[in-house]
Amino acid sequence: MSHDPELTDDWEYTLQVPPDPMAPCIARRTLRTIFEEHGFLELADTAELLTSELVTNAYRYSDGPASVRVKREGDRVRVAVWDTNPRLPALDTVSLPDAETEAEQGRGLGLVQWCADSWGGFALRDQPQGLVGKLIWFELGAGASAGVRQGPSRSGKGPVA
C-alpha cells in the first residue's frame, strides 16, 4: 500500500477503450501504473497479463468499445472488462491447453482461470441504463503471490460489487 496519506484505502478507476488494436497495450500500461502507485506491485504482472487477455477478447469478439474497471476493496483487487457483445463464453468449460498444444489463440480465459483467485462473468441485457454486452471479471488478493498458481483457481460467478 502506498504511504501517501492523501490516498484512500479503497479506490476505483475506469478506463474506456475504443475498438482499436492498441487497446490491450494501453489497458496493460494503465493497469500496471495503478497497481504500482497503490502498492500492489507483487500482483501487477498477473493483473497486467489477465487484463490484456480480456481486453484482447473484447477487441476480437465485440464491435464496439470496451471498458476496464479496477477496484480495490480491502486486500483484494477486482478487474472487470465490459464489452458490447452479449454472448458469454462457456465459463464452466474453460481450461488451459496443455503445453504440447501449439494453438496461437484460445488460451486467454484459461489463463484467467489458472492465475486469478476468483473470476466469472455474466451477460448484460435489458439493463435500466441501456447497457448491453457482457462483463468478465477476476480478483487477485494482496496476500497472494503473483504469477501462475500451482493448481486450478476457484471460480466465482456473480455481479461486480
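Residues numbered from 1 in each chain as written. Predicted model: local features only at pLDDT ≥ 70, side-chain atom pairs only at ≥ 80, totals over all residues. Heavy atoms only, no water.

## Some remarks on the sheet that holds strand β5 (residues 133-141)
No. 1: The strand order β1-β2-β3-β5-β4 describes an open sheet built from five strands, whose pairing is antiparallel. In this open sheet, the two strands that pair with only one neighbour each are β1 (11-17) and β4 (118-124). Across the sheet, the mean angle from the axis of one strand to that of its neighbour is 15 degrees, orientation sign disregarded.
No. 2: Across eight bridges, the pairing between strand β3 (residues 76-83) and β5 is antiparallel. Pairing of valine 79 across the sheet is with phenylalanine 138, part of β5.
No. 3: Of the strands in this sheet, β2 (66-73), β3 and β5 are in contact with helix α2 (residues 41-61), which crosses β5 at around 170 degrees. (Pairing = 2+ DSSP bridges. Helix = DSSP H or I, 4+ residues; strand = E, 2+ residues; numbered from the N terminus. Axes fitted to C-alpha atoms, helices over the stretch in contact; angles between N-to-C directions. Contact = heavy atoms within 4.5 Å.)

## Some details on helix α1 (residues 23-37)
For an α-helix, the turn length of 3.6 residues means that residues three or four places apart are oriented alike.
No. 1: The end-to-end C-alpha distance of α1, which contains 15 residues, comes to 21 Å, matching closely the 21 Å that a straight helix rising 1.5 Å per residue would cover.
No. 2: Every buried residue belonging to α1 is among Ala23, Pro24, Cys25, Ala27, Leu31, Ile34 and Phe35, and all of these are buried.
No. 3: At the C-terminal side of α1, glycine 39 shows a positive phi close to 80 degrees. (Expected span 1.5 Å × (residues − 1). Buried < 20%, exposed > 50% of the residue type's maximum accessible area, 1.4 Å probe, protein only.)

## What to know about the confidence of the model for the protein
No. 1: Across the protein, pLDDT averages 80, with 73% of residues at or above 70.
No. 2: Taken as a whole, residues 144-161 scores under 50 in pLDDT and shows 50 contacts with residues more than four places along the chain or in a different chain. (pLDDT = per-residue confidence, 0-100.)

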